[in-house]
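Tertiary structure, described
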Amino acid sequence: MKRVANINPRRIINYLRKYWSLYLMLSIPIAYFIVFRYIPMTYIQIAFKRYSIVQSPWEMPLANNHGFEYFLKAFRNLDFLYALRNTLLLNFLDLVIGFPAPIILALLLNELTFPRFKRFTQSVVYLPHFLSWIIIAGLAKQLFAPTSGMINILLNRLGFESIPFLNDPTHWVFTYVFLGIWRNMGWNAIIYLAALTNINPELYEAAAIDGANRWQNIWYITLPGLRPTIFTMLILSLGHILSSELDRPYALSNPLVNSVSNVLSIFVYRYGIRGLQFSLTTAVGLFQSVVCVIFLVAANALAKRFGERGIW
Amino acid sequence: MRKRLFGVLLLALLVLGSSVLAFAADPGFVDGRFTTTRKITVEIYDRSNPGGSPPEDNFWTDFIKKGMLEKYNVEVEFKPVPRWTEVEVINNLLAAGDAPDICVTYSYPTILAYANMGGVLDLAPYLEEYREYLPNLFGLLGETNIYWNRDPNTGTVWAIEALLFQNKKINTFVREDWLKKLGLEEPRTLEEFENMLRAFRDNAELLLGEDADKMIPYSTSFDVGWRNDHLIMSFVPNDMSDRDMWVYGFDDRHLLWPNYKEGVRKLNQWYNEGLIWKDFPLYGAGDRTEDNLIKAGYVGAFMHNWDYPYRDGQEGIHVQLRNMVGEEAAFIAVECFPNDAGIYRKYLSAPIDRKVFFPATNKEPLASLLYLDFISSLEVRRFLQIGEEGVHHIVHEDGAIEMLPVVGEKIINSPSNIDYTITINGLDLGDPVLTARSIALNYPGVEAKYIERAYEITSNEARYGINVQVGDIEAEQGMETALSEKRNNLLAQAIVAKPEEFDAVWDRGFQDYLRSGGQAIIDERAAKYDAMYGDN
Amino acid sequence: MVKSKRSKAADLAIAFVCLLLIIICLLPMLNILARSLSSTEYILRNQVLLWPKGWNVEAYRLVLTDSKYTWSLAWTAILTVICVGVSMTMTVLCAYPLIYRDLKGRRFFNTMILFTMYFSAGTIPHYLLYKDLGLLNHPLVLIIPNSLSVFYMIIMRTFFYSIPDSLRESAEIDGAGPIRILFSIYLPLSKPVLATLSLFYAVGRWNGFSDALYYMNERKYHPIQLLLYNILNAVTSIEIQTQEGFASAPGISDTIQAATVMFATVPILIVYPWLQRYFISGATLGALKD
């Protein structure tokens, strides 16, 4: 909806006089993005070329199949397809089970009536976040190992059979997800807790006068107050649906569960990094990024439909 | 006249210049020394051990730097690289042209990958050219190791093989005190070993009292191929040809060797009888859970590195076991898995170890080779390995060396300073008898008899790996890690499967291994071998 | 306010659930703490649960007297503080201008910035870039490259959005420019989000070590988590165990591992409660509503 030729010079000067400081402020972050994000991006072309240590990416020769050789190589590799499936599966479960958890926790904490207890709980639940996955994996094995794990020893004493938390693929998936929740729930709740403080207390007072009970408060005041934050976090999480960190599955996996624990990050590590196939690594990374962007755009559009602001 | 003089001068200059250029490999090297100081950088592993000294600047680097400067007028700088992420870091360095002049790695396919990208210097011409200046290097490594990786078609030598001097691998250990308690003889056959394990299991209360439910007759780890080597190898036919040994030898645990499956079936049988530690696949490399169980006295037998229970002195299994259980507790090495010819065959690697290579950015090949020569001379490496008398070691009457624990700036960061002695792995005092005796002395807290027995058994009836050079095997590139992981998964899953499912699980995993590149490697190796050596 | 019986029961139920949460979050830390103070025999027998057995402060003594660790701890603390300052400045500089709806080019900037969240070049290109910029092995390489997180910037911007435009408009009428408005209106009202993001950046910097691993070779600039990573990985690589067959690196005892974990984690844990009080300051907003 461009207005035709409204290039009034006085308007421009006024506009600039008002907003020059904003452009100045923005210039620094933009410069940062150009230098540290966009310039390295030009190396993504490696995905389409034959990697060579001694040449710069511009000099490297184009790979076969119009540069798509490595993409084809990945998709023809059964391991890649399994890794893709596993990544989607684990991320999806993380989303469905793990996304609501911090919200519920924030709400729970909000409802706590004992202030000291509330502060103490707040300080404690984010503790697991500080443990690296290597440590958590060690702790998990101490607890969940089939014969020497403490939980299973307890179960055996009570007459039950051991539960294969870590050595059976199906059980492993759930252990994986719940360990993730345990670790990140308290930490992710912080954002929601901060957003909760933003909700106008007068609303609660008004509701109390109207005789609202706890659950009505939550449904009509708290949750709507959290809505923008929830949507933002949801969109961003959906945008990571295909991303894959290395630490968590690597630390927790073992040879008995590889059918579900091999995810994209491990595939990239084994074939790309240790196998020294950098074009393949970059190609897989590019694929992940493209899919993530698609999800991101879709999620954002969907959010706008719901009347939310979206991310842009 | 002037023109002629000028012409002569020009000609003379040209002749002089071209003679200099002809020896352009290195002018400035006169009488075994450089006329101007040269600089080289050497890769050094950084293990970050608590209490360790900085690997690039300590007592040992001072010694080396001083020696190199005095002898050859070469300044040496060490570039530390973290030991566990070595591959990733070196790769970055190579990509940026920042790699040290001398690099070391255990993985030859890695070097090959870099070489194919043009990132590695071909050593062949320099080795020929400067052979006369490298007596120690050739003396220690011999033509065998130096030209181990020479490509038969192109003659290129991308890397030199260090010498694996102490070529010892695996041993089978059993609890001496438990044998005594149960009145059993040391097992000499597979059947006796099995019966022994069953005896351990059935007599748990006698052996462990109230900890009876913690009994583990036999322990192993996720690295099944390494930790059950003696057992599985006893199923391999004695008359396996050299050809088969190599063609099916890509996997470093020998997964593809004939009859491997039956060895694993035996383990599956043991597992289902309750003789093997049930949690074994869960714990990764370096995890101490299994070690702790062994030290606590719950384990009856296991296979491991040839001296594993005796290492690490106070922290080691032998000493800890005695602390926990009592003075009679000990593990002894036994030989009990004869193969189909009745021989206790041990399959050891070829006498190669780390590979030393020069990145293409190396501008001082001669100086670098001289460094290797320096570090290979007996005098220098002896000092690096045993240090100063009275400080790092004491000398016994018979000349044997006993090492002392050292802390502070003279500390030895890696066993026998292996990080500095990059051309040799293993103690070498020059005299094999003296060396053997010294080795036996260097297990603090452990009586020599245990070491001597372990030392002898582990290389008894050894068959060594062979060198087959048929040029690059393309199918192998980049496949090491991925295929090793598949192998580990296959073995672990096969062992824990129910006996009736063993074949199905094995076949499925094995087919996946082959399909993911294993078969391609076998085919290419076979084709190239037969092309070079005929159908042997 | 009279609370009905039902709501009291709900209160107790909620408190109970929170108690459970506390237990499952606290116990593992207690276990690590206990192990760091126990002696070997009990650890070997797997008998250490929540309370140290066989009191043993050797591990702490070793860690605290090793200047490698104490220096790294101090350096990591300094680095974290600097990083938080730089990052928060960058984040505000980026988020604030983007809330002006009539800023020309806003859509373009938004898209451009968001895009970078999903495309990343990888270690090698970054290595080459830093090399060309002369950042390798310079402390700045630990500060600048990760100074601005798009994710956190979006959070800050979302929060700025929630501050009513009426405040800004009335200030503009009074003749205030954007900078004045930022400092007098937006920043004071954003204490919760400023505290939260500072905490996030601080923890991110404190726990992060992969950049130091690849780009920083000078040991004196290594953050504490990198040291911890090396210790925990000391014999983890399978290749090392079998390659150096005849004798591998001496193992680092469980106690020392546990002690180092505590050492590297406790400092940052202290920061959070201190920042917590800034979360509880949303009251001002309501007062401004007309």
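Residues numbered from 1 in each chain as written. Chains lettered and ligands numbered in written order. Predicted model: local features only at pLDDT ≥ 70, side-chain atom pairs only at ≥ 80, totals over all residues. Heavy atoms only, no water.

**As for the overall build of chain B**
So the rule is basically this: Secondary structure is summarised from DSSP: a helix means a run of H or I of at least four residues, a strand means a run of E of at least two, and numbering begins at the N terminus for each. All radius of gyration figures rest on C-alpha atoms, and the globule criterion is 2.2 Å times the number of residues raised to 0.38. Think of it in three bands: with a 1.4 Å probe and only protein chains considered, a residue is buried below 20% of the maximum accessible area for its type, exposed above 50%, and partly exposed in between. Any two residues whose heavy atoms approach within 4.5 Å at even a single point are treated as in contact. Methods summary: accessible areas were calculated by the Shrake-Rupley approach with a probe of 1.4 Å, and residue burial reflects only the protein chains presented.
When helices and strands are tallied, chain B shows 21 helices and 16 strands. Its C-alpha radius of gyration of 27 Å places chain B within 12% of the 24 Å reference for a compact globule of 536 residues. Burial status across chain B gives 59% buried among its 536 residues. Sequence separation of at least 24 residues holds for 76% of the intrachain contacts in chain B that already meet a minimum separation of 6. Only carbon and sulfur atoms are counted for the fraction: they give 52% of the accessible area of chain B, which is about 21000 Å².

**Regarding the domain arrangement of chain A**
Applied cut-off: Annotation comment: domain bounds sourced from an automatic or database domain assignment.
Per the domain assignment, the segments of chain A are domain 1 (2-38) and domain 2 (69-130 + 179-305). A separation of 35 Å is found between the C-alpha centroids of domain 1 of chain A and domain 2 of chain A.

**A word on the pairing of strand E6 (residues 160-164) of chain B**
Residue and element names in this part refer to chain B. The cut-off we apply is this: Strand pairing is assigned whenever DSSP detects at least two bridges linking the two strands.
Where burial is concerned, most of E6 is hidden: 5 out of the 5 residues are buried. Note: E6 against strand E12 (residues 352-357), 3 bridges, orientation antiparallel. Note that in E12 the partner of Glu 161 across the bridge is Lys 355. Note that E6 and strand E15 (residues 424-425) share 2 bridges and pair parallel. Looking at E15, one finds that Leu 164 is bridged to Asn 425.

**Let's talk about the pairing of strand E9 (residues 299-305) of chain B**
It is a general feature of regular strands that their side chains alternate between the two faces of the sheet. Residue and element names in this part refer to chain B. Burial analysis of E9 places 7 of its 7 residues in the buried class, which makes it a mostly covered element. For strand E7 (residues 170-175) and E9, the ladder comprises 5 bridges, and the chain directions are antiparallel. Within E9, the position partnered with Asn 171 by the bridge is His 304. When strand E8 (residues 216-219) meets E9, the two strands line up parallel, connected through 3 bridges. Considered in E9, the bridge of Ser 219 is made with Phe 302.

**So, the packing of aromatic side chains**
For clarity, the threshold we go by: To pair, rings of Phe, Tyr and Trp, with the six-membered ring standing in for Trp, must have centres within 6.5 Å; the planes then decide the type, stacked if under 30 degrees apart, edge-to-face if over 60, and tilted in the middle. Only when the NZ of Lys or the CZ of Arg is both within 6 Å of the ring centre and within 35 degrees of the ring normal is a charge said to sit over the ring.
As enumerated under the stated definition, the model contains 63 aromatic pairs over all chains in all. Aromatic pair Tyr 38 of chain A and Phe 115 of chain C: ring centres 6.5 Å apart, planes at 10 degrees, arrangement stacked. Here Tyr 38 of chain A, found in helix H1 (residues 9-41), pairs with Phe 115 of chain C, found in helix H5 (residues 106-115), and the two come from separate chains. On the basis of an interplanar angle of 15 degrees and a centroid distance of 5.6 Å, the ring pair of Trp 506 of chain B and Phe 510 of chain B is categorised as stacked. Pair noted here: Trp 506 of chain B and Phe 510 of chain B are both in helix H21 (residues 502-533), with a separation of 4 residues, about one helical turn. You can call Trp 506 of chain B buried: its relative accessible area is 4%. Through successive ring pairs, a cluster of aromatic residues spans Tyr 15, Tyr 19 and Tyr 23 of chain A together with Tyr 96, Tyr 100, Phe 160 and Tyr 186 of chain C. A cation over a ring is seen here: Lys 168 of chain B above Tyr 455 of chain B, with NZ or CZ 4.0 Å from the ring centre. The side chain of Lys 278 of chain B reaches across the aromatic face of Tyr 271 of chain B, ending 4.7 Å from its centre.

**Points about the pattern of salt bridges**
Note the cut-off: Here a salt bridge means any side-chain nitrogen of Lys or Arg lying within 4 Å of a carboxyl oxygen belonging to Asp or Glu.
Applying the stated rule across the entire model yields 48 salt bridges over all chains. Two residues, Arg 214 of chain A and Glu 111 of chain A, come together in a salt bridge whose shortest N-O distance is 2.7 Å. Taken together, the residues span a long stretch of sequence, with Arg 214 of chain A in helix H10 (residues 214-238) and Glu 111 of chain A in helix H4 (residues 100-111) at a distance of 103 residues. A relative accessible area of 11% places Arg 214 of chain A in the buried class. For the salt bridge of Arg 47 of chain B with Asp 419 of chain B, the shortest nitrogen-to-oxygen distance reads 2.9 Å.

**Focus: the confidence of the model for chain B**
Reading fine detail from the predicted coordinates is not recommended where pLDDT is low. To keep things clear, this is the line we draw: pLDDT is defined as a per-residue confidence score from the predictor, taking values between 0 and 100.
Confidence in the prediction of chain B, expressed as mean pLDDT, is 89, and 94% of residues score 70 or more. Interface confidence for the predicted complex, given as ipTM, is 0.83, next to a pTM of 0.85.

**Observations regarding the nonpolar core**
What counts here: As used here, the term nonpolar core means buried Ala, Val, Leu, Ile, Met, Phe, Trp, Tyr and Cys residues forming a set that is joined through side-chain atoms within 4.5 Å.
Ranked by internal contacts, the top residues of the largest apolar core, which has 319 residues, are Phe 193 and Trp 506 of chain B together with Tyr 96 of chain C. Per-element tally for this core: the top contributor is helix H8 (residues 169-196) of chain A, with 16 residues. Among residues more than four places away in sequence, those in contact with Tyr 96 of chain C are Leu 22 and Met 25 of chain A together with Phe 160, Pro 178, Ile 181, Leu 182 and Tyr 186 of chain C. Ile 44, Trp 60, Leu 141 and Ile 146 of chain B belong to the second-largest nonpolar core, a separate cluster that totals 48 residues.

**Remarks on the sheet that holds E8 of chain B**
All names here are of chain B. Note the threshold: Only C-alpha atoms enter the line fits that serve as axes; for helices the fit covers just the stretch in contact. Angles between N-to-C directions range over 0 to 180 degrees.
Pairing is mixed across the open sheet formed by 4 strands, whose spatial order is E8-E9-E7-E10. Among the strands making up the open sheet, the edge pair consists of E8 and strand E10 (331-334). Strand-to-strand twist in this sheet, taken as the mean axis angle between neighbours without regard to direction, amounts to 25 degrees. The sheet contacts of helix H8 (residues 190-202) involve E7, E8 and E9, and relative to E8 the element is tilted by about 135 degrees.

**Observations regarding the interface of chain B and chain A**
Rules: Note on definitions: buried area is the accessible-area loss of two parts on being combined, 1.4 Å probe, summed for both. Each polar contact in these results corresponds to two N or O atoms within 3.5 Å; when the atoms are within protein, one needs to be able to donate a hydrogen and the other to accept it, and residues that are neighboring in sequence are counted only if both atoms are side-chain atoms.
Listed per partner, the contact involves 31 residues of chain B and 26 residues of chain A. Between chain B and chain A, the buried area comes to about 2600 Å², and carbon and sulfur atoms account for 61% of it. Across the pair Arg 270 of chain A and Glu 485 of chain B runs a salt bridge, and its minimum N-O distance is 3.1 Å. Scanning the region where chain B abuts chain A turns up 7 residue pairs in polar contact (both at pLDDT 80 or more).

**Digging into the sheet that holds E6 of chain B**
The strand order E5-E12-E6-E15 (chain B) describes an open sheet built from 4 strands, whose pairing is mixed. Looking along the sheet, the strands with just one partner apiece sit at the ends: strand E5 (103-105) and E15 of chain B.

**A few points about the interface of chain C and chain A**
The interface of chain C with chain A comprises 93 residues on the first partner and 79 residues on the second. Both faces considered, chain C and chain A share a buried interface measuring about 8200 Å² in area, 75% of it formed by carbon and sulfur atoms. At the junction of chain C with chain A, the criterion picks out 1 salt bridge. One salt bridge connects Asp 11 of chain C with Arg 214 of chain A, and the closest N-O pair in it is separated by 2.7 Å.

**Some points on the state of the cysteines**
All names here are of chain C. Our working rule: Disulfides are defined in this document as cysteine sulfur pairs within 2.5 Å.
One pass over the full model with this rule turns up 0 disulfides over all chains. Of all cysteine sulfurs in the structure, the one in Cys 18 sits closest to Cys 25, which takes part in no disulfide; the separation is 11 Å. Exposure remark for Cys 25: the relative accessible area of 1% places this residue in the buried category. Between Cys 94, a cysteine without a disulfide, and Cys 83, which holds the nearest cysteine sulfur, the sulfur-to-sulfur distance is 18 Å.

**Quick look at a nonpolar patch on the surface**
Residue and element names in this part refer to chain C. What counts, and what does not: Residues enter patches when they are more than 30% accessible in relative terms and free of salt bridges; like-charged ones are connected within 9 Å and nonpolar ones (Val, Leu, Ile, Met, Phe, Trp, Tyr) within 5 Å.
Judged by side-chain polarity, Phe 16, Val 17, Leu 19, Leu 20, Ile 23, Ile 24, Leu 27, Leu 30, Leu 33, Leu 49, Leu 50 and Trp 51 come together as a nonpolar surface patch covering roughly 1100 Å² of accessible area. As for its placement among the helices and strands, Leu 30 is situated in helix H1 (residues 5-36). Residue Leu 30 is classed as partly exposed on the basis of its relative accessible area, which comes to 32%.

**Digging into the packing of helix H6 (residues 133-144) of chain A against helix H7 (residues 150-157) of chain A**
All names here are of chain A. How we decide: Every angle not falling under 35 degrees, over 145, or within 65 to 115 is termed oblique; those three ranges are roughly parallel, roughly antiparallel and roughly perpendicular. Side-chain classes follow a simple rule in which Ala, Val, Leu, Ile, Met, Phe, Trp, Tyr, Cys and Pro form the nonpolar group, Asp, Glu, Lys and Arg form the charged group, and the remainder, Gly included, forms the polar group.
Between H6 and H7, whose axes approach to 4 Å, the crossing angle comes to 10 degrees. Of the possible angle classes, the one that applies to H6 and H7 is roughly parallel. Packed against H6, whose contacting residues are Gln 142, Leu 143 and Phe 144, the element H7 presents Met 150, Ile 151 and Asn 152 at the interface. Looking at the contact of H6 with H7, its residues break down into 4 nonpolar, 2 polar and no charged.

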